[in-house]
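As a plain string of letters, each chain reads:
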Amino acid sequence: MKNTQTTIYHTNHRINWFQKFLLICSGGNIHILRKTPSEWNKFAGIGGIVLFTAVFATLSAYYAMYTIFDDIWASFGFGILWGLMIFNLDRYIVSSIKKTGTWWNQILMSIPRLILATFLGIIISKPLELKIFEKEVNKQLNTIIQRNKTELQKQLNGRILQQSGPFETEKEQIALKTAQYQKSYDSAAVELEKEILGKQSTLTSGKVGFGSNAKRKQELKEQRRQDLENYQKQVAQRLEYLDKEISKVYTNLETERKSTETFEDKFNGFAARLQALDELGKNSAIIATAAVFIMGLFICLEISPVLVKLISSVGPYDYLLEKTENDFRLYSKEKIEKGNASTDFRIDDFKDHLKPQ
């Protein structure tokens, strides 16, 4: 019976290349797995999940980087690098879970790994959510861009009023004073006409013809006209300066608006798409629910290897792994004890030789 057990223990069963690849992906010790064929299906399943998680992580990183750099090869290279990192991290998370020990110890050992796996699942799912809802996200991005442009125009209008306000106020004052001169001139012209036509009023004589009163009113009209023209000549240069300053304000702010709108039109990066997806979730319960399910799917995919390892019963692989680690532990302890004993012996022998004869 003992010989039979020894033969079974030392038998190395044949593994085809695909099985071997999945077993390596699972993070299991391939030398021990060769001796435990009953564990192959479990570890191959775990390895398949780890592999597909790495593939999805690669696609996720590729899309995220492409929205940032807009370069296929750079995005592809980073996607491969990210996928390999996730692959290695998942392998470590799974392989570091030991089935030996109490159930409570296994739970405590799995909690930080489950938290880390959940976090990785969220990171992987977000770029893929953006790709799945790409059409809706693009539409929402246009809405955000138009909203930003409207807000930008409001800000520019406020700045236009602030910067051109003093010039506009001075122009209004000049226009008001010019209107007063014009009103005085018009009033003098009307009174002259009434005087010539003989229309009776408090300011006219009521006599038809160009008499002495009409002559005085003609002189008054001419004086008012000269006052108007003199004032217009006086402020003409100032008005030209004010118009140039106002035009300069509009030109500068219009240039700034066009430059800013150019940047707004390019508001389609990764962070902008995340903002659009967030607003879509707030505005649409269906999209919010779908996004939650997609995220939940990737979280489940990421934590499933840990859960499978946790809920599975202790198998031959676990016993052999524990025995192998215990053999190395005992061997190391034995070597340390022998080294210590040898050192103590040499020290005692050295002290004996130092004693006087």
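Up top is the structure these notes are about.
Starting afresh in each chain, residues are numbered from 1 along the sequence in its written order. Residue-level local features of this predicted model are given only where pLDDT is at least 70; pairs of side-chain atoms are given and counted only at 80 or more, and the full residue set underlies all totals for whole chains, interfaces and linings. Note: side-chain values were computed over all heavy atoms of the structure, leaving out hydrogens and water.

J.: Teacher, can you tell me more about the overall build of the protein chain here?
T.: Looking only at helices and strands, the protein chain has eleven helices and zero strands in total. A run of DSSP states H or I qualifies as a helix once it reaches four residues; a run of E qualifies as a strand once it reaches two. Both are numbered from the N-terminal end. From first element to last, N terminus to C terminus, the protein chain shows the α and β order α-α-α-α-α-α-α-α-α-α-α. Note on classification: 1.4 Å probe, protein chains only; a residue is buried when its accessible area is under 20% of the maximum for its type, exposed when over 50%, partly exposed between these limits. Relative to its full complement of 357 residues, the protein chain shows a buried share of 31%. Computed with a 1.4 Å probe, the accessible areas rest on the Shrake-Rupley method; for each residue, only the protein chains presented here act as cover. Looking at the protein chain as shown, the accessible area adds up to about 23,100 Å², and 61% of this sits on carbon and sulfur atoms.

J.: So what exactly am I meant to see when it comes to a nonpolar patch on the surface here?
T.: A cluster of nonpolar side chains, contributed by Tyr66, Ile72, Trp73, Phe76, Ile80 and Leu84, occupies part of the molecular surface with about 660 Å² of accessible area. Ranked by residues supplied to the nonpolar patch, first place goes to helix H5 (residues 72-95) with five residues. You can see Phe76 is positioned in helix H5. Residues forming no salt bridge and having over 30% relative accessible area are the ones grouped into patches, like charges within 9 Å of each other and nonpolar side chains (Val, Leu, Ile, Met, Phe, Trp, Tyr) within 5 Å. Take a side-chain nitrogen of Lys or Arg and a carboxyl oxygen of Asp or Glu: if they are within 4 Å of each other, that pair is a salt bridge.

J.: Quick question: what am I supposed to make of helix H10 (residues 285-311) here?
T.: Given 3.6 residues per helical turn, the α-helix brings residues three or four places apart onto the same face. Fitting one axis to the seven residues ending at a residue and another to the seven starting there, the bend at that residue is the angle between the two axes. Along H10, the sharpest change in direction is near 45° and occurs at Ser304; proline Pro305 comes one to four residues later. Listed in full, the buried residues belonging to H10 are Ile287, Ala291, Ile294, Phe298, Ile299, Glu302, Ile303, Ser304, Pro305, Val306, Lys309 and Leu310.

J.: In this structure, what is going on with helix H11 (residues 316-354)? I would like to understand it.
T.: Helices are assigned an expected span. That span is 1.5 Å times one less than the residue count. Taking 1.5 Å of rise per residue, 39 residues should cover 57 Å, and H11 covers 57 Å from first to last C-alpha, within 8% of that figure. Among the residues of H11, those classed as buried are Tyr317, Asp318, Leu320 and Leu321.

J.: Explain the environment of Phe270 to me, please; I cannot follow it from the model alone.
T.: The topology assignment puts Phe270 in helix H9 (residues 270-283). For the pair formed by Phe270 and Leu130, sequence separation is 140 residues and the distance between their alpha carbons is 9.0 Å.

J.: For this particular structure, what's the right way to read the packing of helix H6 (residues 103-132) against H9?
T.: All axes are obtained by fitting lines to C-alpha atoms, using only the stretch in contact for helices, and the reported angles, taken between N-to-C directions, cover 0 to 180 degrees. Put simply, H6 and H9 touch, their axes get as near as 10 Å, and they point 75° apart. With respect to their mutual orientation, H6 and H9 come out roughly perpendicular. Seen from H6, the contacting residues are Lys126, Pro127, Glu129 and Leu130; seen from H9, they are Phe270, Arg273, Leu274 and Leu277. The class makeup of the residues in the contact of H6 with H9 is five nonpolar, no polar and three charged. Any angle that falls under 35 degrees is termed roughly parallel, while one over 145 is termed roughly antiparallel, one within 65 to 115 roughly perpendicular, and all others oblique. Note on definitions: a residue-residue contact is assigned when non-hydrogen atoms from the two residues lie within 4.5 Å. Classification convention: Asp, Glu, Lys, Arg as charged; Ala, Val, Leu, Ile, Met, Phe, Trp, Tyr, Cys, Pro as nonpolar; all other residues, Gly among them, as polar.

J.: Is there a simple way to explain the nonpolar core in this structure?
T.: Across soluble globular proteins, nonpolar side chains show a tendency to be buried alongside one another. The definition of a nonpolar core used throughout is a set of buried Ala, Val, Leu, Ile, Met, Phe, Trp, Tyr and Cys residues joined through side-chain atoms within 4.5 Å. Grouped together as the largest cluster of nonpolar side chains are 22 residues, with contacts concentrated most on Ile124, Phe133 and Val137. Those elements giving two or more residues to this core turn out to be helix H4 (40-69), H5, H6, helix H7 (134-197), H9 and H10. If one sorts the elements of this core by residue count, H10 sits on top with five residues. In contact with Phe133, other than residues within four places in its own chain, are Leu277, Ile287, Ala290, Ala291 and Ile294.

J.: Before we go on, may I ask you to explain the side chain of Thr53 in this structure?
T.: With respect to the helices and strands, the residue Thr53 is situated in helix H4. Nitrogen and oxygen atoms within 3.5 Å of one another constitute a polar contact, given that in protein one can donate a hydrogen and the other can accept it, and given that sequence-neighbouring residues count only through two side-chain atoms. Here the side chain of Thr53 touches Ile49 through a polar contact of 2.7 Å, landing on its backbone oxygen. Those residues in contact with Thr53 that sit more than four places away from it in its chain are Ile86, Asp90, Ile124, Leu301 and Glu302.

J.: Even after reading the chapter, I still don't get the pattern of salt bridges, so can you show me in this structure?
T.: Should their charged atoms come close, side chains of opposite charge can pair. Tallied over the full model, the rule gives 13 salt bridges. In this structure, Lys42 and Glu39 form a salt bridge, with 3.6 Å as the shortest nitrogen-oxygen distance. Sharing partners across several salt bridges, the network here consists of Glu222, Arg225 and Glu229.

J.: In this structure, what is going on with the packing of aromatic side chains? I would like to understand it.
T.: Note on aromatic pairs: each is described by the distance of the centres and the angle between the planes. Ring pairs are drawn from Phe, Tyr and Trp, using the six-membered ring of Trp, whenever the two centres fall within 6.5 Å, and their geometry is named by plane angle: stacked under 30 degrees, edge-to-face over 60, tilted for the rest. In total, this model carries seven aromatic pairs according to the counting rule given. Measuring from centroid to centroid gives 5.4 Å for Phe56 and Phe298, while their planes differ by 90°, and the two rings are edge-to-face. Remark: Phe298 occurs in helix H10 and Phe56 occurs in helix H4; sequence separation between them is 242 residues.

J.: Just to check I follow, could you spell out the side chain of Asp90 for this structure?
T.: Position of Asp90 relative to the elements: it lies in helix H5. Neither His nor the chain ends is counted toward charge; the positive residues are Lys and Arg and the negative residues Asp and Glu. One buried charge, Asp90, has no salt-bridge partner; the nearest side chain with opposite charge is Arg91, at 10.0 Å. Residues within four places of Asp90 in sequence aside, it is in contact with Val50, Thr53, Leu120 and Glu302.

J.: Would you mind showing me how to read the packing of H5 against H10 here?
T.: Each pair of packed helices gets described by two things: the angle between the helix axes and the distance between those axes. Two elements in contact, H5 and H10, have axes separated by 9 Å at closest approach and are oriented at 20°. Taken together, the axes of H5 and H10 are roughly parallel relative to one another. When the axes of H5 and H10 are compared, the crossing they make is right-handed. In this structure, H5 uses Asp90, Ile93, Val94 and Ser95 to contact H10, whose residues at the interface are Glu302, Pro305, Val306 and Lys309. Counted by class, the contact of H5 with H10 contains four nonpolar, one polar and three charged residues. Handedness of a helix crossing follows the sense of rotation of the near helix relative to the far helix, less than a right angle counterclockwise being left-handed and clockwise being right-handed.

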